[in-house]
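Each chain is listed here by its residues.
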Amino acid sequence: MLTLENIVYYYKAQPEKMILEHLSRQFEAGKMYAILGESGSGKTTLLSLMAGLDIPTEGRILVSGEDIRHRNLNEYRRHHVSLVFQNYNLIDYLTPLENVKLGGRKDPMELLQLVGLTEKEARRNILQLSGGQQQRVAIARSIAGDAPILLADEPTGNLDESTALEIIRIFQDLAHTQRKCVIIVTHSSQLAEEADIVLLLKDGKLA
Ligand SMILES: Nc1ncnc2c1ncn2[C@@H]1O[C@H](COP(=O)(O)OP(=O)(O)OP(=O)(O)O)[C@@H](O)[C@H]1O
Ligand SMILES: [Mg+2]
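Our subject in this report is the structure included herewith. (Residues numbered from 1 in each chain as written. Chains lettered and ligands numbered in written order. Predicted model: local features only at pLDDT ≥ 70, side-chain atom pairs only at ≥ 80, totals over all residues.)

### Re the overall build of the protein
Stated precisely, the cut-off is as follows: Numbered from the N terminus, helices here are DSSP runs of H or I no shorter than four residues, and strands are runs of E no shorter than two. Radius of gyration: C-alpha atoms only; globule rule: 2.2 Å multiplied by the number of residues to the exponent 0.38. Exposure in this text rests on C-beta crowding, where 20 or more other C-beta atoms within 10 Å of a residue's own make it buried, 12 or fewer make it exposed, and counts in between make it partly exposed. The C-beta atoms are placed from the backbone. Whether two residues are in contact depends on their C-beta atoms, placed from the backbone: they are in contact if these lie within 7 Å.
From N to C terminus, the protein includes eight helices and ten strands. Against the 2.2 N^0.38 benchmark of 17 Å for 207 residues, the protein shows a C-alpha radius of gyration of 17 Å, consistent with a compact globule. The C-alpha extent of the protein, read off along each of the three principal axes, is 50 × 35 × 35 Å. With 207 residues in all, the protein has 39% of them scored as buried. Taking as baseline every contact in the protein between residues at least 6 positions apart, the subset at least 24 positions apart corresponds to 73%.

Quick look at the structure:
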């Protein structure tokens, strides 16, 4: 589904610091992956490359065998991948319902209730929700479309254990019954235990 081929990456502002070093890895449909790694190890950087938000310094990213650089990147970002950002990236002046509606065609109220928001909360302003509730809105938005690849950066970081488990079950279900390729960056051992495959990002490589 998604192949990383010999990826090298450094930020132009800091060319002496290699973030990813000859990293290669295949991700399959129908599986939930957890990527662990110390703070600063490059997890968010890796996700943004997979999401087509940035381009690797060297190497290729293939989706269903095709280099994403040969596709229209806008089209790739719109139809092939969906990303839950570490800082949610919700639109503050809209309600949860409106935010989720921007993510795709699925019924936004149904999705918000699936992640545990009430109807009333779904109609409130984003800024009047707690961090954990905002996180759940971001998750609902990410599954509103039909993208076959779901990427999430610390999606349960702000949630209590039982809410986190409910969210993990939703991602698991998307992988196992809808055959999505789900890749989650996390510090949570609870989440890692539920993943099909656990990878560690260290020294620029995934093991
Ligand atoms: N825009 C940028 N310009 C230069 N360096 C950056 C930039 N963004 C991140 N970095 C550096 O790249 C390294 C990897 O950052 P990244 O955000 O990918 O880490 P992370 O594994 O997601 O960490 P965390 O667990 O804290 O979220 C860090 O050393 C960081 O300081
Ligand atoms: Mg990060």
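### Looking at helix α7 (residues 161–176)
Put simply, the rule is: For a helix, the expected span equals 1.5 Å multiplied by the residue count minus one.
Under the 1.5 Å per step criterion, the end-to-end length of α7 is 22 Å for 16 residues, consistent within 8% with the ideal 22 Å. Buried residues belonging to α7 abut β3 (32–36), α6 (131–142), β8 (181–185) and α8 (189–194).

### Regarding unusual backbone geometry
The phi angle at N6 is positive, at roughly 55 degrees, despite the residue not being glycine. Looking at where N6 falls in the secondary structure, it is placed in strand β1 (residues 2–9). Exposure remark for N6: the 13 C-beta atoms within 10 Å place this residue in the partly exposed category. Even without being a glycine, Y88 presents a positive backbone phi close to 70 degrees.

### A look at the site of ligand 1
The following threshold applies: Only the C-beta atom, placed from the backbone, is used; a residue is near a molecule or strand if that atom lies within 6 Å of it. Polar here means any residue outside two lists: the nonpolar Ala, Val, Leu, Ile, Met, Phe, Trp, Tyr, Cys and Pro, and the charged Asp, Glu, Lys and Arg; Gly therefore counts as polar.
The immediate surroundings of ligand 1 are formed by 13 residues, with Y11, S39, K43, T44 and T45 found nearest. For the shell around ligand 1, a count of residues per class yields three nonpolar, nine polar and one charged.

### A short note on the sheet that holds strand β5 (residues 66–67)
Test applied: Being paired, for any two strands, means DSSP has found at least two bridges between them. Note on geometry: axes are lines fitted to C-alpha atoms, helical ones only across the stretch in contact, with angles between N-to-C directions running from 0 to 180 degrees.
Strand order in this open sheet of four strands is β2-β1-β4-β5, and the pairing throughout is antiparallel. The two strands at the open ends of the sheet, each matched to only one other strand, are β2 (20–27) and β5. Contacts from helix α1 (residues 43–50) reach β1, β2 and β4 (58–63), with the element oriented near 125 degrees to β1.

### A closer look at the environment of I184
The residue I184 is located in strand β8 in this model. Along the sequence, I184 and T156 sit 28 residues apart, while their C-alpha atoms lie 9.8 Å from each other. Not counting chain neighbours up to four residues away, the residues in contact with I184 comprise M32, Y33, A34, I35, A152, P155, F171 and L191.

### Some words on the environment of D173
Looking at the element boundaries, D173 is found in helix α7. Put simply, D173 and G30 are 143 residues apart on the chain and 9.3 Å apart in space, counted from C-alpha to C-alpha.

### Topic: the pairing of β1
Here five bridges tie β1 to β2, and the two strands are oriented antiparallel to one another. Opposite Y9, over in β2, you have L20 as the bridge partner. The pairing of β1 with β4 spans five bridges and is classified as antiparallel. Residue E5 lies in a different strand from β4, and its bridge partner there is R60.

### Digging into the sheet that holds strand β6 (residues 81–84)
Taken in spatial order, the six strands make up an open sheet running β6-β7-β8-β3-β9-β10, and their pairing is mixed. Either end of the sheet is taken by a strand with one partner, and the two such strands are β6 and β10 (205–206). Sheet topology places β3 next to strand β9 (residues 197–202); four bridges connect them, and they run parallel. Within the sheet, the bridge partner assigned to Y33 lies in β9 and is I197. Of the strands in this sheet, β3, β6, β7 (149–153), β8 and β9 are in contact with α1, which crosses β7 at around 155 degrees. On top of the sheet, α6 reaches β6 and β7; it is set at about 180 degrees to β6, its chief contact.

Bear in mind that shape data such as this cannot, by itself, settle questions of function.
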